[in-house]
Amino acid sequence: MPARKPAHPFYERLSLVLIGLLSLGYIIIQGKEVLDPLIFGFLFAILLYPTASFLERKLRLPRAIASLVAILLMLAFISIVLYLVGSQISNLASDWPQLKGQVSQSLDDLSEWVQKAFQINAAKQMNYLHSTQQKIMASGTEVIGTTFGAISSLVLFYLFILIFTFFILLYRILLINFIVWVFTDNYEAVVRDIVQNIQSILRQYILGLLLEMFVVACLACTLFWIIGVKYAVLLGIVVALFNLIPYLGIFTALFLSTLITFATGGINSAALVALSVLGIHLVDSNVLLPTIVGSKVKLNALITFLGIILGEMIWGLSGMFLSIPIIAIFKIIFDRVESLKPWGYLLGSGQDEKRSTMKTMKPAAADKA
């Protein structure tokens, strides 16, 4: 029998897809203030669901109390990490005179290098710095106001995340039943399979990230302690935290750790720290990430990198964090909807390429026979 032609030509379907993507992108950009904390709340709710469920089943707590206790336990864990970082920062602040002297000496060396390389004497350099300082001081009120507004927005953002997390945990059964009810009975099994896989894979992905962060922190702290860095614990935590940002976080961690080490230990220690951070990144990218995280979310590097760039363009830093989980959700859906399976294959790591090619070649071989 001849192959059945699609109801609509390819260019028409492609146009509809592009229009849909543009419309979806516009809605996502305009709805950032609500969607951003909502998606974070969704991820935290998935992570905390086993804890809340355990409190309900074993301790017989009401669902609202169990959800609240799970959130409080998460806040306690975050508070411990912040306490470790804060204690190290307070020690760093106590060494401010030494840091100031080291920075002043470095600036003097830089001034001499500029004078020799570009024939700009110290007086011209000081005039330029003085004019820049005047401009900064003139806009000081505006800077303070902007900083206060940014802090207030961050506090509200984190508060909304906690509120959304609580309500998603509280009404999780209602939400799942709604999603299943929206579709007909013929698709109930597929929908439930998609929901269960999203929960399982995202939970494993988040736990894998936390485990990876812990291993990277231990490696960094150990290497920095061997080198003799004064703030080994602080720098190790900084490297681990920025390592959560795929591809781009390593540059920020490298800059901060090298700068702080240079200000407290000199150029030799700073060079060793920079080499250590690069070495940790190589181990993480080639061993830890594929083993701990990569096995949970099977996305290819091209799609991941594009997703991170688009996420940063749309939502900034939070978009970079959310890009991989969101792409993973789309892949789970695409892999289970027959008409969308090619898109799921495009997002994947290509591990099924040989099997897919063999399936494509078998009918052709049979026809030839």
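Per-chain numbering applies: the sequence of each chain, read as written, is numbered from 1 onward. Thresholds applied to this predicted model are a pLDDT of at least 70 for local features of residues and 80 or more for the giving and counting of side-chain atom pairs; totals over whole chains, interfaces and linings are not thresholded and use all residues. Heavy atoms throughout the structure, all of them, feed into the side-chain values; hydrogens and water do not.

**Student:** Looking at this model, I keep getting lost on the packing of aromatic side chains. Mind explaining?
**Tutor:** Stacked, edge-to-face and tilted are the three classes for Phe, Tyr and Trp ring pairs, Trp counted by its six-membered ring, which pair at centre distances within 6.5 Å; planes under 30 degrees apart are stacked, over 60 edge-to-face, the rest tilted. Enumeration over the complete set of coordinates arrives at five aromatic pairs. With 5.9 Å between their ring centres and 85 degrees between their planes, Phe40 and Phe157 make a pair best called edge-to-face. Of this pair, Phe40 sits in helix α2 (residues 32-58) while Phe157 sits in helix α6 (residues 140-170), placing them 117 residues apart in sequence. Accessibility assignment for this pair places Phe40 and Phe157 in one class, buried. Each member of the aromatic cluster is reached from another via a ring pair, and the members are Phe40, Phe157 and Tyr158. The numbering of helices and of strands both runs from the N terminus, where a helix is a DSSP run of H or I of at least 4 residues and a strand a run of E of at least 2. Partly exposed describes any residue whose relative accessible area lies between the buried limit of under 20% and the exposed limit of over 50%, with all areas from a 1.4 Å probe on protein chains only and scaled to the type maximum.

**Student:** Explanation requested: helix α12 (residues 301-315) in the structure shown.
**Tutor:** Count 3.6 residues to each turn of an α-helix, and residues three or four apart come out pointing the same way. If you check α12, its first and last C-alpha atoms are 21 Å apart, about what 15 residues at 1.5 Å a residue would give, namely 21 Å. The inward-facing, buried residues of α12 abut α1 (10-30), α2, α13 (317-336) and α14 (341-347). Gly316 occupies a position one or two residues after α12 and carries a positive phi of about 75 degrees. The span expected for a helix works out to 1.5 Å for each residue beyond the first. Contacts are assigned to residue pairs that have any heavy atoms within 4.5 Å of one another.

**Student:** What is the right way to read the nonpolar core from this model?
**Tutor:** The nonpolar side chains of soluble globular proteins are, as a tendency, buried together. Counting 24 residues, the largest nonpolar core has Ile198, Leu202 and Leu347 as the members making the most contacts within it. Contributions of two or more residues to this core are made by α2, α6, α8 (188-227), α12 and α13. Sequence-distant contacts of Ile198, defined by excluding residues within four places in its chain, comprise Phe42, Ile329 and Ile332. By size, the runner-up hydrophobic cluster in this structure holds 22 residues, among which are Ala217, Ala220, Val229 and Ala240. Nonpolar core, defined: a set of buried Ala, Val, Leu, Ile, Met, Phe, Trp, Tyr and Cys residues in which side-chain atoms within 4.5 Å join the residues together.

**Student:** When you look at the packing of α12 against α13 in this model, what are you seeing that I'm missing?
**Tutor:** What describes two packed helices is the angle between their axes and the distance between those same axes. At a minimum axis distance of 7 Å, the contact between α12 and α13 shows a crossing angle of 140 degrees. One way to sum up the angle between α12 and α13 is to call them oblique. The hand of the α12/α13 crossing is right-handed. Taken together, the residues of α13 that come into contact with α12 (itself represented by Ile303, Thr304, Gly307, Ile308, Gly311, Glu312 and Trp315) are Leu317, Ser318, Gly319, Met320, Leu322, Ser323, Ile324 and Ile327. Only Asp, Glu, Lys and Arg are considered charged, only Ala, Val, Leu, Ile, Met, Phe, Trp, Tyr, Cys and Pro nonpolar, and every remaining residue, Gly among them, polar. Classifying every residue of the contact of α12 with α13 gives eight nonpolar, six polar and one charged. The axes used here are C-alpha line fits, helices contributing only the stretch in contact, and every angle between their N-to-C directions lies in the interval 0 to 180 degrees. In these notes the angle categories are as follows: under 35 degrees is roughly parallel, over 145 is roughly antiparallel, 65 to 115 is roughly perpendicular, and the rest is oblique. Note: crossing handedness is left-handed where the near helix turns anticlockwise from the far helix by less than a right angle, and right-handed where it turns clockwise.

**Student:** Help me understand the environment of Phe157, please; the structure alone is not making it clear to me.
**Tutor:** C-alpha separation for the pair Phe157 and Pro37, spaced 120 residues apart in sequence, amounts to 6.4 Å. Contact partners of Phe157, with chain neighbours within four places excluded, come to Asp36, Pro37 and Phe40.

In short, the description is geometric, and any link to function would need to be established separately.
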